[in-house]
Amino acid sequence: MRREAIGRTVVRLYPKDIRESAGEELVGTLLDAGDASRGAYVRQLASLVRSGLSARARSEPRQPLGRIAASTLCWVAVMSAMSELVGVMMVDSQNPNAF
């Protein structure tokens, strides 16, 4: 459940139209990668973050300045959360069943 919640949060980086059309598939792919290994999950999660930010950046020029600023703050929050998540996963690497 925890991995799914993380995935759904990261998918929110994508613009609404992409979330609505492919959000469930993106989360499903992330969870499938997580079944393979923790490393595969983290790599897929990083890929989702990178792709989501890229997709949002391509859609931002059509947005008002205030919206761009709000999105930027969201990105910073997600990237901070990702950093913490990776740190926790690295610390928990001694106990493979912890996550």
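Predicted, not measured: the structure shown is a model, and the values here were computed from it.

To continue, consider the pattern of salt bridges. As enumerated under the stated definition, the model contains three salt bridges in all. With a shortest N-O distance of 3.9 Å, Lys16 and Glu20 are connected by a salt bridge. Here Lys16 and its partner Glu20 are both found in helix α2 (residues 16-36), four residues apart, which amounts to about one turn of the helix. The class for Lys16 is exposed, based on a relative accessible area of 54%. Judged by its relative accessible area of 61%, Glu20 falls in the exposed class. Here the residues in one salt-bridge network are Glu4, Arg8 and Glu24, joined through shared partners.

The next subject is the confidence of the model for the chain. In this model, the chain carries a mean pLDDT of 79, and residues with pLDDT of at least 70 account for 81%. Put simply, helix α4 (residues 65-91) is where the chain has its lowest mean pLDDT, 73, and α2 is where it has its highest, 89.

Core analysis: the biggest nonpolar cluster contains 17 residues, and Ile6, Val10, Leu13, Leu45, Leu48, Val49 and Met82 have the highest contact counts within it. Going through the elements one at a time, α1 (2-11), α2, α3 (38-59) and α4 are the ones with two or more residues in this core. In terms of residue count, α3 provides more of this core than any other element does, six residues in total. Ignoring sequence-local partners within four residues, the contact set of Leu13 consists of Val49, Gly52, Leu53, Arg56, Trp75 and Val78.

Turning our eyes to something else, we now look at the side chain of Arg3. Along the polypeptide, Arg3 turns up in helix α1. Of the side chains with opposite charge, Asp35 comes closest to the buried, unpaired Arg3, at an N-O distance of 5.7 Å. Among the polar contacts listed, one links the side chain of Arg3 to the backbone oxygen of Gly34, at a separation of 2.9 Å.

The rules we used
- Residues numbered from 1 in each chain as written.
- Predicted model: local features only at pLDDT ≥ 70, side-chain atom pairs only at ≥ 80, totals over all residues.
- Heavy atoms only, no water.
- Salt bridge = Lys/Arg side-chain N within 4 Å of Asp/Glu carboxyl O.
- Helix = DSSP H or I, 4+ residues; strand = E, 2+ residues; numbered from the N terminus.
- Buried < 20%, exposed > 50% of the residue type's maximum accessible area, 1.4 Å probe, protein only.
- pLDDT = per-residue confidence, 0-100.
- Core = buried A, V, L, I, M, F, W, Y, C linked by side-chain atoms within 4.5 Å.
- Contact = heavy atoms within 4.5 Å.
- Lys, Arg positive; Asp, Glu negative; His and termini not counted.
- Polar contact = N/O pair within 3.5 Å; in protein donor to acceptor, adjacent residues only side chain to side chain.

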